[in-house]
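# Structural overview for review
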Amino acid sequence: QVQLVESGGGLVQPGGSLRLSCVASGIIFRIKTMSWYRQPPGNQRELVATIASDYTTDYAEAVKGRFTISRDNAKNTVHLQMDSLKLEDTAVYSCSTVQFYTRSWGQGTQVTVSP
């Protein structure tokens, strides 16, 4: 059974930083592509960043140059470093992966960017 547990969200002012973490279990973490998604209030969920098993990364245009995804295979953890946060980054952030053709999600962590 796949379990994904996020942490690190909170309230931050514009221009500030947060670091999200997601601990995974029930998977062979080192071979998995891991992703961060977000769902802003009243909007659909959107892909933020992805890191493959070979550490190749990809980012949504809206966060390129500000967010950094990384992984620690020894700790089954994927991180999302978020810098220069903007009001429009406010959302519930969730990590995700696919196992046996099924996408699994964590419970999400709230990030609120407000003056």
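Report follows, based on the coordinates. (Residues numbered from 1 in each chain as written. Predicted model: local features only at pLDDT ≥ 70, side-chain atom pairs only at ≥ 80, totals over all residues. Heavy atoms only, no water.)

### A few points about the overall build of the protein
Regarding its fold elements, the protein presents zero helices and eleven strands. The linear arrangement of helices and strands in the protein, starting from the amino end, is β-β-β-β-β-β-β-β-β-β-β. A compact globule built from 115 residues would reach a C-alpha radius of gyration of about 13 Å, and the protein, at 13 Å, matches this within 12%. Seen through its principal axes, the protein has C-alpha atoms that stretch 40 × 25 × 20 Å. Scored against the burial criterion, the 115 residues of the protein give a buried share of 44%. If you take every contact in the protein between residues at least 6 apart in sequence, the share linking residues at least 24 apart comes to 53%. Split by element, the accessible area of the protein, about 6,200 Å² in all, is 49% carbon and sulfur. Here the protein contributes 11 positively and 9 negatively charged side chains, and the mean placements of these two sets differ by 6 Å. (Helix = DSSP H or I, 4+ residues; strand = E, 2+ residues; numbered from the N terminus. Rg over C-alpha atoms; globule rule 2.2 N^0.38 Å. Buried < 20%, exposed > 50% of the residue type's maximum accessible area, 1.4 Å probe, protein only. Contact = heavy atoms within 4.5 Å. Areas by Shrake-Rupley, 256 points an atom, 1.4 Å probe, with all protein chains shown as cover. Lys, Arg positive; Asp, Glu negative; His and termini not counted. Charge placed at Lys NZ, Arg CZ, Asp CG, Glu CD.)

### What to know about unusual backbone geometry
One non-glycine residue, S84, lies in positive phi territory at about 50 degrees. Along the polypeptide, S84 turns up in the loop between β8 (77-82) and β9 (91-99). Assessed through its relative accessible area of 41%, S84 is described here as partly exposed. Unusually for a residue other than glycine, Y101 sits at a positive phi of about 65 degrees. With respect to the element layout, Y101 can be found in the loop between β9 and β10 (102-105).

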